[in-house]
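# Notes for the structure review
One-letter residues, chain by chain:
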Amino acid sequence: MPGGGGPLLQEVPAVSSPPDLHAPVLLAASPSPTPSEPPAAPAMPTLQDAHESATNAASWIEQNWSTWLAIGLRVLLIIVIAVVLRVMVRRAITKLIDRMTRTVDAVDGTTIGGLLVNVERRRQRSQAIGSVLRSVASFLILGTAALMILSTFQINLAPLLASAGVAGVAIGFGARNLVTDFLSGVFMILEDQYGVGDSIDAGVATGEVIEVGLRVTKLRGDNGEIWYVRNGEVKRVGNLSQGWATAGVDVTVRPSEDLDRVKAVLTRVGEEMSKEEPWNEMLWGPIEVLGLDSVLLDSMVVRVSAKTMPGKALTVERELRWRVKRAFDAEGIQIVGGLPLQPPVEADPDPTAGMAAPSAFANTVSPQSAAASPIAPPTNVTK
């Protein structure tokens, strides 16, 4: 170093000798296992690893067991409440239906009330009403319980409810006739519009009811045919078996008859009929002579009426006509009506009816042959 007294020291880098080009080059290669060398065995879990896994599982269970227990208890509580509520509601409906079946309100007295509702009608009506109410109650209770259970598991119910709403609208639109029939049948049964044994006029068919269903009503016609009437097609119903019926008979007599005498005979016939079996049960009121219904030049019409048991008006009318005809014949009162009989018209006698047919051996110039020969038509010759 200049200006210094120490020796000058300088590091000289070491120069490596050039490699020998003729020396063999050795390449390092990874040793490959020989075929005879066995594969390495998997590492066996140690006791420490097992202890750590068990510790993790126990800690996870310890952290979540309270949530599981709460969800399980909630689901169990929902199921128990739904089952108990369903059983209680079904029993209440059954008792209500039984009470409705046993209790029959009298319409115009106990006799009419007993006649209006028979055993088969009450049985079918109670079964239909009970089935509908039990089905509706079960659907509401179990459906609500299912939705509550799904919400317990943190399941989003909005898509499910939306899908159910769309499916319900589609089904209701496609099966609207079926829904209409079902709802009409439910209201017909609940309102007791008609029942088994009633004679009704449903508009599309008339006959006696033999079965009432939620969708179809079966009617037996006057000729024995069975009509299947959909409840949705019934727009109006005329029940001929509820309340009472009216039997009316029109008696047509000559205008020269004594009205007081005619009225006395009709009153006597009605009193006699009202005292005999089985007409005293069918007649729910006295047979009344209402008076003259019409007065014509050749006849008078006297109206006779009576209140009868439902469905027995036609039978009472036939018996009353029979008795009136016999009483009038005994009293010499003539019943008239319709057009008088015309005397038969006699044709002119045929002059040749007593003459024999001409024979081939007969004389052609005889008077008989001349009478039997055809008359030639006249010929007009114009000149």
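Note that the coordinates shown come from a computational prediction; the quantities given were computed from them, not determined experimentally. (Residues numbered from 1 in each chain as written. Predicted model: local features only at pLDDT ≥ 70, side-chain atom pairs only at ≥ 80, totals over all residues. Heavy atoms only, no water.)

## Remarks on a nonpolar patch on the surface
A grouping of Trp 60, Ile 61, Trp 65, Trp 68, Leu 69 and Leu 73 is seen on the molecular surface, where their side chains present a nonpolar patch of about 670 Å² in accessible area. With respect to the element layout, Leu 73 can be found in helix H1 (residues 47–102). (Patch = residues over 30% accessible without salt bridge, like charges linked within 9 Å, V, L, I, M, F, W, Y side chains within 5 Å. Areas by Shrake-Rupley, 256 points an atom, 1.4 Å probe, with all protein chains shown as cover. Salt bridge = Lys/Arg side-chain N within 4 Å of Asp/Glu carboxyl O. Helix = DSSP H or I, 4+ residues; strand = E, 2+ residues; numbered from the N terminus.)

## Re the sheet that holds strand S8 (residues 300–308)
Taken together, three strands build an open sheet; the order of strands is S6-S8-S7 and the sheet is antiparallel. A strand with exactly one partner marks an edge of an open sheet, and here the two such strands are strand S6 (245–253) and strand S7 (288–295). In this sheet, neighbouring strand axes are inclined to one another by 25° on average, regardless of whether the strands run parallel or antiparallel. Here S7 runs beside S8; their pairing, made up of six bridges, is antiparallel. Opposite Val 295, over in S8, you have Met 300 as the bridge partner. In this fold helix H8 (residues 313–331) packs onto S6 and S8, with an angle of close to 25° to the strand it touches most, S6. (Pairing = 2+ DSSP bridges. Axes fitted to C-alpha atoms, helices over the stretch in contact; angles between N-to-C directions. Contact = heavy atoms within 4.5 Å.)

## Here's the deal with the sheet that holds strand S3 (residues 216–220)
Strand pairs in the sheet, formed through backbone hydrogen bonds, run parallel or antiparallel to each other. Spatially, S4-S3-S2-S1-S5 is the arrangement adopted by the five strands of the open sheet, whose pairing is antiparallel. The open sheet terminates on both sides in strands that have one partner only, identified here as strand S4 (226–230) and strand S5 (238–239). Pairing between strand S1 (residues 199–201) and S5: two bridges, direction antiparallel. The residue of S5 that forms the bridge with Asp 201 is Gly 238.

## Quick notes on the packing of helix H6 (residues 259–274) against H8
It is the contact of H6 with H8, at a shortest axis distance of 10 Å, that shows an interaxial angle of 130°. When the interaxial angle is binned, H6 and H8 end up oblique. Where H6 crosses over H8, the handedness of that crossing is right-handed. On H8, the residues that touch Arg 261, Val 262, Val 265, Leu 266, Arg 268, Val 269 and Met 273 of H6 are Val 316, Glu 319, Leu 320, Arg 323, Val 324, Ala 327, Phe 328 and Glu 331. Of the residues in the contact of H6 with H8, the class split is ten nonpolar, no polar and five charged. (Parallel < 35°, antiparallel > 145°, perpendicular 65-115°, else oblique. Left-handed = near helix turned anticlockwise from the far one by under 90°. Nonpolar A, V, L, I, M, F, W, Y, C, P; charged D, E, K, R; others polar.)

## Description of the pattern of salt bridges
A full pass over the atoms with the stated rule returns 13 salt bridges. The partner of Arg 303 in a salt bridge is Asp 250, with the nearest N and O atoms 2.7 Å apart. Residue Arg 303 is found in strand S8, and its partner Asp 250 is found in strand S6; the two are separated by 53 residues along the sequence. Residue Arg 303 is classed as partly exposed on the basis of its relative accessible area, which comes to 29%. Of the charged contacts in the structure, one is a salt bridge between Asp 329 and Lys 325, with a shortest N-O distance of 2.5 Å. On the criterion of helical spacing, the pair formed by Asp 329 and Lys 325 is a turn pair, its members being four residues apart in helix H8. Linked through salt bridges whose partners overlap, the residues forming this network are Arg 261, Arg 268, Glu 272 and Glu 331. (Buried < 20%, exposed > 50% of the residue type's maximum accessible area, 1.4 Å probe, protein only.)

## Remarks on the side chain of Ser 138
Mapped onto the elements of the fold, Ser 138 is located in helix H3 (residues 119–152). A relative accessible area of 10% means that Ser 138 is categorised as buried. Here Ser 138 is in contact with Arg 86, Arg 90 and Gly 143, once residues within four sequence places are set aside.

## Notes on the pairing of S4
Looking along a regular strand, one sees the side chains alternate between the two faces of the sheet. In terms of strand pairing, S3 meets S4 through five bridges, oriented antiparallel. Paired with Lys 218 across the bridge in S4 is Tyr 228. Connecting S3 to the next strand, S4, in antiparallel fashion are five residues, including Gly 224 with a positive phi near 95°.

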